[in-house]
Amino acid sequence: MLRSLYSGISGLRSHQTMLDVTGNNIANVNTVGFKASAVQFQDSLSQLVRNSTLPQRNAGGSNPAQVGLGVQVAGISTNFAQGAAQSTGVPTDLMIAGDGFFMVRSGAETRYTRNGGSSFDANARLVTADGALVQGWTARDGVIQPGQGVGDITLPVGATLPATATTAANVTGNLPAETAVGDQLVRDVRVYDAQGGSSMLRLTFTRSATGWDVADGAGATTALAFTDGRLTGGGTLTSGGITVDLTAVTGYADVDTVAFDQQNGEPAGTLDSYALSDDGSLIGTFSNGKTQVLARIALAMFVNPGGLEKTGSSQYRPTVNSGQPTIGTAGADGVGSIVSGALEMSNVDLSQEFTNLIVAQRGFQANARIITTSDEVLQELTNLKR
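Residues numbered from 1 in each chain as written. Predicted model: local features only at pLDDT ≥ 70, side-chain atom pairs only at ≥ 80, totals over all residues. Heavy atoms only, no water.

**Focus: the overall build of the chain**
Which entries qualify depends on this criterion: Runs of E in the DSSP output that reach at least two residues are strands. Runs of H or I that reach at least four are helices, and both are numbered from the N terminus. Here's how the labels work: a residue is buried when its accessible area is under 20% of the maximum for its type, exposed when over 50%, partly exposed in between, all with a 1.4 Å probe on protein chains only. Pairs of residues are marked as contacts when any of their non-hydrogen atoms sit within 4.5 Å. For every accessible area listed, the method is Shrake-Rupley and the probe measures 1.4 Å; residues are considered covered only by the protein chains on display. Note on charges: Lys and Arg go in the positive column, Asp and Glu in the negative column, and His and the chain ends are not counted at all. To locate a charge, take NZ of a lysine, CZ of an arginine, CG of an aspartate or CD of a glutamate.
The number of helices and strands found in the chain is two helices and 30 strands. Structurally, the chain occupies a C-alpha span of about 135 × 60 × 35 Å along its principal axes. When each of the 386 residues of the chain is scored for burial, the buried share is 37%. Residue pairs in contact within the chain that sit at least 24 positions apart in sequence constitute 63% of those at least 6 positions apart. Taken as a whole, the chain presents about 20,500 Å² of accessible surface, with 51% of it coming from carbon and sulfur. Across the chain, the centroid of the 23 positively charged side chains sits 19 Å from that of the 32 negatively charged ones.

**Quick look at the packing of aromatic side chains**
Stated precisely, the cut-off is as follows: Two aromatic rings, drawn from Phe, Tyr or Trp (for Trp, its six-membered ring), form a pair once their centres lie within 6.5 Å of each other, and the interplanar angle then sorts them: stacked below 30 degrees, edge-to-face above 60, tilted otherwise.
All told, the structure shown has six aromatic pairs when counted by the stated rule. Judged by centre distance (5.6 Å) and plane angle (50°), the ring pair of Phe80 and Tyr316 falls under tilted. With Phe80 in the loop between β4 (71-78) and β5 (85-87) and Tyr316 in strand β27 (residues 315-317), this pair connects stretches of sequence that are 236 residues apart. According to the relative accessible area criterion, Phe80 is partly exposed, its value standing at 23%. The exposure class of Tyr316 is buried, given its relative accessible area of 3%. Geometrically, the ring pair formed by Tyr112 and Phe302 is edge-to-face, given 5.0 Å between the ring centres and 90° between the ring planes. In this pair, Tyr112 is assigned in strand β8 (residues 109-113) and Phe302 in the loop between β25 (291-301) and β26 (309-312), connecting sequence segments 190 residues apart. For Phe302, a relative accessible area of 9% translates into the label buried. Three or more aromatic residues joined by ring pairs make a cluster, and in this case those are Phe80, Phe101, Tyr112, Phe302 and Tyr316.

**Topic: unusual backbone geometry**
Of note in the backbone geometry, Ala124 takes a positive phi value of approximately 65° without being a glycine. With respect to the element layout, Ala124 can be found in the loop between β9 (118-120) and β10 (126-128). On the basis of relative accessible area, Ala124 is assigned to the buried category, the value being 13%. Backbone geometry places Asp228, a non-glycine residue, at a positive phi of 55°. Tracing the backbone shows Asp228 in the loop between β18 (221-227) and β19 (230-233). Under the relative-accessibility criterion, Asp228 is labelled exposed at 70%.

**Re helix α1 (residues 3-27)**
Residues that lie three or four places apart on an α-helix share one face, since the helix turns once every 3.6 residues. This is how the line gets drawn: Given a helix with a known number of residues, its expected span is that number minus one, times 1.5 Å.
Taking 1.5 Å per residue, 25 residues should reach 36 Å; α1 reaches 36 Å between its end C-alpha atoms and fits that length. All buried positions along α1 are accounted for by Leu5, Ser7, Gly8, Ser10, Gly11, Leu12, Ser14, His15, Met18, Val21, Thr22 and Asn25.

**Regarding the sheet that holds strand β15 (residues 184-192)**
This is how the line gets drawn: Two strands are said to pair when DSSP picks up at least two bridges between them. Here, axes are lines fitted to C-alpha atoms. For helices the fit covers the stretch in contact, and angles between N-to-C directions go from 0 to 180 degrees.
Taking strand neighbours across the sheet as the criterion, the five strands line up as β15-β16-β17-β18-β19 in an open arrangement whose pairing is antiparallel. Only two strands of the sheet have a single neighbouring strand rather than two, namely β15 and β19. Direction aside, the axes of adjacent strands within the sheet are offset by 30° on average. Pairing of β18 with β19, which is carried by three bridges, proceeds in the antiparallel orientation. What sits directly across from Ala225, in β19, is Gly233.

**Looking at the nonpolar core**
Quick reminder of the rule: Residues enter a nonpolar core if they are buried and are Ala, Val, Leu, Ile, Met, Phe, Trp, Tyr or Cys, with the set joined through side-chain atoms within 4.5 Å.
Of all hydrophobic cores here, the largest spans 22 residues; its most connected members are Phe102, Ile153, Leu282, Ile297, Leu299 and Ile338. Every element with two or more residues in this core is listed here: β6 (94-97), β7 (101-106), β23 (269-276), β24 (281-286) and β25. Per-element tally for this core: the top contributor is β25, with four residues. Listed in part, the 21 residues of the second largest apolar core include Leu185, Val189, Trp212 and Leu224.

Just distances and angles here, no functional claims.
Okay, here's the thing in structure tokens:
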């Protein structure tokens, strides 16, 4: 039989694979996190018709004569280039800007994906659209412990932030120097005990001949002295275990801005809302106005992402040629950052895929013509008998 018949068949098979891959790319043009694939061809074995010969004194050498035996698929590579961002406004929709993969657990297996479409389920666990559990680290008292293993990310619905007793307060601003001796200014600030109970700390500023006297009404007093508007004496008052810092107060004329700047106590608070930062941290906002890290999403890196095996649902599993994952935090050590409220769309280039369709179709037709021509040659050969 003619070798060209088998070469044509190999061409049909290879270009059929190219059509299959191209069709799959086009089908997934709107699949979140999808990465396009491309077929690479290589020639098959070549049959040696004549060996090469050495050059002689009176004759030159000759090259080997070989006849190729067709084409085969060398590989199907995955293009991991960044896809376009699509804003959704949903805080749990996540996109990786740069390299890296989300880690998700499905049963006992951990898989990897670029599809960041997720939400919280009935058990307040962060899950993908198909129910896989997003992996990361859970914070303890707002801190991610070093060396902590990854696990499911759960939103602590109804979590309470403990109260903090007030131990320090700061007073800033200016006491008016032109105030008459004996005049008073009163400033209040709300402070908290260890159980979160609140009370008012009141300071009374009384103008004296040498400056200002400060009293809390419970027996604690201090005297403030100024030189050219700058504090030169006094500066600290301890009231009921609370240290009040007055060192930032000034004493210039015509300006009355003295006030409490801050105090470090807070009442207990319950979780009101959450947000995701660009390092993958799940940050909770509590009813007392405080924020705290609740968890952090883990990202994985591979030495050779092209070696990953597609498992469906826009997910991958490691292979012997991808290397084992290196787990890290978004934005650190070459890992991409996380964008909340957006999704990474497919990186399929339709113009390129339609061109590939034409190339594959013409290649298929040309190889079919090889078979037709070979058949005509065989027909002529059988007609010699007539």
